[in-house]
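# Understanding the architecture of this molecule
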Amino acid sequence: MLIDHLNRQLRERADQALTRTRRTAESPCAPQQRVAIGNQPSRDLLAFCSNDYLGLAHHPALVEALAEGARRFGAGSGASHLVSGHSLAHATLEAELATWMAPCIPDARALYFCTGYMANIAIAQALYAHDAIIFADKLNHASLVDGALMSKAKLHRYAHRNLAVLERQLMQSDAPLKFIVTDAVFSMDGDLADLPALLALAERFDAWLVVDDAHGFGVLGTQGRGSLAHFGLRSERLIYMGTLGKAAGVGGAFVAAHPTIIEWLVQTARPYIYTTAAPPAIAHALSASLQLIAGPEGEQRRAHLQALIHQLRGELSKLIAAHAHLGWSLADSATAIQPLIVGSNAAALALSAALDAQGLWVPAIRPPTVPVGTARLRITLSAAHSAQDVQRLVDGLAVAAKELHA
Ligand SMILES: *Cc1c(COP(=O)(O)O)cnc(C)c1O
């Protein structure tokens, strides 16, 4: 009986401390959030869990642009892009994104998707043919892994950031079509892929480099143009996926690449063709978001975020040293993703709960999202945080460290 079978498996997950619960936010995405769990009364928490790195998700200019977009273009698109759902708002955004990426990809064209997950599946389904080989970093995001597994191509995974292994794999491959696929900023560790070295390998072995910049777009590079700009890269071999629900504060994603590749996606990518276009108002709000990101306010927000990262890492290093017996460690990350690795699932949950008791919301991330034995608190910072917010988190962790030791 299916229900009995599923209930048994759910109980097993619970026994391994793997049950995931959702919290219901009753206020906009921001450091101070009113949150409810189940039927319990809602509480105000200081949150360190969103990917809203620039604090734009509740920015008045974007809220207003969304409302204006809805007044102008309506609430919904009504159909898929290839039928009748493609609006002027989508077309405008795509032109702006193409210009945005032009310094990094010659002649770039951009295609807007409802989500980054769908964009990655679309790249895989449309481009990874049966005679292709995909070379993928072991810590790539689930959507890149799923895309590779769903495709007809062969998949070789290399140890995280291990370019020696990748080089050997490339050397041994005689596939006519090769794709190196990587997160630019790894989502659970916060570290950067060595994109210049990856691009050099792609050039040497006549491969394409697919870059998922979910956590770099808007944050890294001049004007927040992303990881390619951060490294000053420019090549026709790049296929770039940027998400627009994180630093850009709204939702959706885009692929930027050589115009022929984009045209192929339009003609053949099922996650693009067989889905209703996102509401045009979202695209309209994203155009406003791009302006904010590239302008002086974006610049100032990125500088503030850098200062917070520096503050947090300094304080956490001291705390970890003072409580060495707990075996905590800080990931080697210079980005807004600052994981505190604690080890076991139970330890991560206990620490998250101890923070929760102090009104701090930091999620515990467990396998299979991260390797077994590396359960962690995934602390994410946002330009909407203040230095006082970061200090409150550090103080809360110090209290929790003493409690957990006692
Ligand atoms: C969030 C994320 C995605 C998925 O993007 P959505 O727009 O949320 O679907 C893809 N890749 C990485 C690395 C991500 O972090």
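Now for a description of the structure that goes with this document. (Residues numbered from 1 in each chain as written. Predicted model: local features only at pLDDT ≥ 70, side-chain atom pairs only at ≥ 80, totals over all residues. Heavy atoms only, no water.)

Now for the site of the ligand. Around the ligand, the structure places 13 residues, and the nearest of them are Gly 116, Tyr 117, Asp 212, His 215 and Lys 246. Gly 116 places a main-chain nitrogen or oxygen 2.7 Å from an oxygen atom of the ligand. Note that an oxygen atom of the ligand is positioned 2.6 Å from one of the side-chain N or O atoms of Lys 246. Protein contacts shield 82% of the accessible area of the ligand, which totals 380 Å² for the unbound molecule. Residue contributions to the shell around the ligand peak at three residues, all from helix 5 (residues 116–127). Tallied by class, residues from the shell around the ligand come to two nonpolar, eight polar and three charged. (Near = heavy atom within 4 Å. Polar contact = N/O pair within 3.5 Å; in protein donor to acceptor, adjacent residues only side chain to side chain. Areas by Shrake-Rupley, 256 points an atom, 1.4 Å probe, with all protein chains shown as cover. Helix = DSSP H or I, 4+ residues; strand = E, 2+ residues; numbered from the N terminus. Nonpolar A, V, L, I, M, F, W, Y, C, P; charged D, E, K, R; others polar.)

Most often, soluble globular proteins have nonpolar side chains that are buried together. Grouped together as the largest cluster of nonpolar side chains are 88 residues, with contacts concentrated most on Met 101, Ile 180 and Phe 217. Split by domain, the residues of this core number at least three in each of domain 1 (23–52 + 297–405) and domain 2 (60–294). With near-sequence residues (within four places) excluded, Ile 180 lies in contact with Phe 135, Tyr 158, Leu 166, Leu 170, Leu 198, Leu 201, Ala 202, Ala 207, Trp 208, Leu 209 and Val 210. Grouped together as the second largest cluster of nonpolar side chains are 30 residues, Ala 122, Ala 153, Val 210 and Ala 253 included. (Core = buried A, V, L, I, M, F, W, Y, C linked by side-chain atoms within 4.5 Å. Buried < 20%, exposed > 50% of the residue type's maximum accessible area, 1.4 Å probe, protein only. Domains from an automatic or database assignment. Contact = heavy atoms within 4.5 Å.)

Attention now goes to the side chain of Ser 151. Along the chain, the position of Ser 151 falls in the loop between helix 6 (142–150) and strand 6 (154–158). A residue is classified by how much of its surface remains accessible, and Ser 151, at 12% relative accessible area, is buried. A polar contact is formed between the side chain of Ser 151 and the backbone oxygen of Ala 148, at a distance of 2.8 Å. The residues contacting Ser 151, other than those within four sequence positions of it, are Ala 124, Tyr 128 and Ile 134.

Applying the stated criterion across every chain, the model contains five aromatic pairs. The interplanar angle of 50° and the centroid separation of 4.7 Å between the aromatic rings of Tyr 128 and Phe 179 together place this pair among those described as tilted. In this pair, Tyr 128 is assigned in the loop between helix 5 and strand 5 (132–137) and Phe 179 in strand 7 (residues 177–183), connecting sequence segments 51 residues apart. The residues Tyr 128 and Phe 179 share a single accessibility class, namely buried. Relative to Phe 254, the ring of Phe 217 lies with its centre 5.4 Å away and its plane at 70°, an arrangement referred to as edge-to-face. Of the two residues, Phe 217 is situated in the loop between strand 8 (208–212) and helix 9 (227–230) and Phe 254 in strand 10 (residues 253–257); the sequence distance between them amounts to 37 residues. (Phe/Tyr/Trp six-rings, centres within 6.5 Å; stacked < 30°, edge-to-face > 60°.)

The next subject is the sheet that holds strand 15 (residues 375–380). What the four strands build is an open sheet, ordered 11-12-15-14; its pairing is antiparallel. A single partner strand is all that each edge strand has here, and the edge strands are strand 11 (329–330) and strand 14 (364–365). Examined bridge by bridge, strand 14 and strand 15 share two bridges and lie antiparallel to one another. Counterpart to Ala 364 in the pairing with strand 15 is Leu 377. Where helix 14 (residues 345–356) meets the sheet, its contacts fall on strand 12 (337–343), strand 14 and strand 15, and the angle it forms with strand 15 comes to roughly 40°. (Pairing = 2+ DSSP bridges. Axes fitted to C-alpha atoms, helices over the stretch in contact; angles between N-to-C directions.)

Scanning the model with the defined rule gives twelve salt bridges in all. One salt bridge connects Asp 44 with Arg 34, and the closest N-O pair in it is separated by 2.9 Å. Note that Asp 44 is positioned in strand 3 (residues 43–47) and Arg 34 in strand 2 (residues 32–36), a separation of ten residues in sequence. For Arg 34, a relative accessible area of 33% gives the class partly exposed. With a shortest N-O distance of 3.5 Å, Lys 318 and Glu 315 are connected by a salt bridge. Here the residue Lys 318 and the residue Glu 315 both occupy positions in helix 13 (residues 296–322), the gap between them amounting to three residues, near one helical turn. (Salt bridge = Lys/Arg side-chain N within 4 Å of Asp/Glu carboxyl O.)

Turning our eyes to something else, we now look at helix 15 (residues 387–405). In this model helix 15 runs 27 Å from its N-terminal to its C-terminal C-alpha over 19 residues, within 8% of the 27 Å that 1.5 Å per residue would give. Every buried residue of helix 15 is listed here: Asp 389, Val 390, Leu 393, Val 394, Gly 396, Leu 397, Ala 398, Ala 400 and Ala 401. On its buried face, helix 15 sits against strand 3, helix 13, strand 12, helix 14, strand 13 (360–361) and strand 15. (Expected span 1.5 Å × (residues − 1).)

In terms of burial, strand 5 is a largely internal element, six of the six residues being buried. Residues Ala 132, Ile 134 and Ala 136 line one face of strand 5 and the alternating positions Ile 133, Phe 135 and Asp 137 line the opposite face, and both faces are buried. Two strands pair when backbone bridges link them, and strand 5 and strand 7 are joined in this way by five bridges, in the parallel orientation. Within strand 7, the position partnered with Ile 133 by the bridge is Lys 178. Note that strand 5 and strand 6 share five bridges and pair parallel. Note that in strand 6 the partner of Phe 135 across the bridge is His 156. Regarding topology, helix 6 serves as the crossover connection from strand 5 to the parallel strand 6, and that connection is right-handed. (Right-handed = clockwise from strand over helix to strand, strands pointing away.)

Note that all results are geometric; they support no functional claim without further evidence.
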